[in-house]
Amino acid sequence: MKILFIGGTVFLGRALVDEALRRGHEVTLFNRGQAGPTPSGAEAVRGDRGNEAALRALAEGRTWDCVIDTCGFEPRAVQRSVRALTGHADVYAFVSSFHAYSDWPATGVDESLPRHTCASDASPDDVPYNALKAGCERAVEEGFPGRALIVNPGIIVGPGENVGRLPWWLETIAHGGRVLAPGSPDRAVQLIDARDIADFMLDRLAEGGTGRYLTTGVQGNTTMGELLGACVDATGAGTELVWADEQFLQDHGVAPWTEVPLWAPDIPEMAGIWASSSAKALAEGLRCRPVAETVADTWRALSEGGCPRPKYLQGKTPVGLAEDKHDTVLAAWDDRRSQATAQQRLPDASARQ
Ligand SMILES: NC(=O)c1ccc[n+]([C@@H]2O[C@H](COP(=O)([O-])OP(=O)(O)OC[C@H]3O[C@@H](n4cnc5c(N)ncnc54)[C@H](OP(=O)(O)O)[C@@H]3O)[C@@H](O)[C@H]2O)c1
């Protein structure tokens, strides 16, 4: 296939480009040349997706079998690229998010549920990321009716992860010693490796597939215990995980998700986060590798050079618990455990008298 990527040099985009090249596809990348290098074997066209003239110059006299747009965050900007590429590509594939869905039952989302009501020409002022993604999807569906492939990933992990969730755990655990872990090791988690999404999208495109797919991975495909245990194994630092009560952590001001990445306790805002259904994608070929493989490969990638923080995330608070706060909360948890142990011993002592 001849594939045009809008983006393609950081994480999921890079995984898609690498796999497309490995499969022998003819690959063109359109981006500003700031976020990362163009892999060898791919053609680079420099330009800003917000610039209509640059998009027109890109499309002039050229055609592709498909566009893969991995960096659409503003409906109006996506609408601009969709319009510029109409007549120049057969299919427009767009990487959205499971957050584009507006209703979040505790049982998780599936493709039948409604999306946020955001217009296909909305600009980002005052509209949150989740709704903007739904608006971007509409821009693609309107411009390529019946010829749009939309994927709604859940939480993506894997080599080159730029949000820093799994990298934070790996780097923290790699320091050795004792590391706080949230709640129970048995808590189910649902993650997907970027490379598995890449395989699925390229398979679907090669088969001429279109439509909408949640790509969140297999429900409960790992647990916090397995995930963090895999981090201990991968880093080889002999780190001890100290599982602390979730309420205790929250009472000590530790924020789920942002300060402790991938920790989603039983609170209403987190309902259904690990329960989305990828049944449709799984039935049509999505395959998900074991989480231990993802963790080991991510650690290898981090050790070889880290993950640069992309521009659109700069200025946002990095994920992860500050080291001094971690140590303070760990000491408080140790105190509480010692007190609890001492109290348990008291009745024994009185029973002996
Ligand atoms: N991480 C998750 O857990 C998660 C979950 C659900 C969905 N998603 C979605 O998955 C996607 C992942 O993104 P990624 O970072 O992996 O994509 P990527 O394609 O690897 O990297 C982003 C690309 O966008 C390009 N870019 C940014 N602004 C541009 C502009 N104005 N004009 C042209 N190119 C521009 C960057 O290059 P230059 O800066 O050099 O231009 C870079 O090549 C996102 O759409 C995200 O919403 C992520």
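Quantities reported herein were computed from a predicted structural model and do not represent experimental measurements.

Visitor: Got a minute to help me understand the packing of aromatic side chains in this structure?
Guide: How two aromatic rings sit relative to each other is given by the distance of their centres and the angle of their planes. Tallied over the entire structure, the rule returns 7 aromatic pairs. Look at Phe 73 and Tyr 129: their rings are 6.2 Å apart centre to centre, the planes differ by 35°, and that puts the pair in the tilted class. Highlighted residues: Phe 73 in the loop between strand E4 (64-69) and helix H3 (75-85) and Tyr 129 in helix H4 (residues 129-143), separated in sequence by 56 residues. Residue Phe 73 is classed as partly exposed on the basis of its relative accessible area of 25%. The exposure class assigned to Tyr 129 is partly exposed, which follows from its relative accessible area of 38%. With a centroid separation of 4.9 Å and 70° between ring planes, the pair formed by Trp 168 and Trp 169 is classed as edge-to-face. Across the pair, exposure class does not vary: Trp 168 and Trp 169 are buried alike.

Visitor: Would you take a moment to explain the sheet that holds strand E6 (residues 148-153) for this structure?
Guide: Sheets are built from strands paired through backbone hydrogen bonds, the pairs being either parallel or antiparallel. Strand order in the open sheet formed by 7 strands is E3-E2-E1-E4-E5-E6-E11, with parallel pairing between adjacent strands. The two strands at the open ends of the sheet, each matched to only one other strand, are strand E3 (43-46) and strand E11 (211-215). Across the sheet, the mean angle from the axis of one strand to that of its neighbour is 20°, orientation sign disregarded. Both E6 and E11 contribute to a ladder of 5 bridges, which runs parallel. Note that in E11 the partner of Val 151 across the bridge is Tyr 213. Strands strand E1 (2-6), strand E2 (26-31), E3 and E4 of the sheet are contacted by helix H2 (residues 52-59), whose axis makes an angle of about 165° with E2.

Visitor: What am I meant to see in empty space enclosed by the protein here?
Guide: Over the atoms a probe the size of a water molecule is rolled, and this reveals where empty space is left. What the rule picks out here adds up to 1 cavity of 30 Å³ or more. In this model, the largest cavity occupies a volume close to 50 Å³. Top contributing element to the lining of the largest cavity by residue count: strand E8 (residues 178-182), with 3 residues. Residue composition of the lining of the largest cavity, grouped by class: 8 nonpolar, 1 polar and no charged.

Criteria and cut-off values
Residues numbered from 1 in each chain as written. Predicted model: local features only at pLDDT ≥ 70, side-chain atom pairs only at ≥ 80, totals over all residues. Heavy atoms only, no water. Phe/Tyr/Trp six-rings, centres within 6.5 Å; stacked < 30°, edge-to-face > 60°. Helix = DSSP H or I, 4+ residues; strand = E, 2+ residues; numbered from the N terminus. Buried < 20%, exposed > 50% of the residue type's maximum accessible area, 1.4 Å probe, protein only. Pairing = 2+ DSSP bridges. Axes fitted to C-alpha atoms, helices over the stretch in contact; angles between N-to-C directions. Contact = heavy atoms within 4.5 Å. 1 Å grid on protein atoms, 1.4 Å probe; cavity = no way out; pocket = protein on both sides within 12 Å on 5 of 7 lines; lining within 4 Å. Points joined across faces, edges and corners; volume = space filled by probe spheres on them. Nonpolar A, V, L, I, M, F, W, Y, C, P; charged D, E, K, R; others polar.

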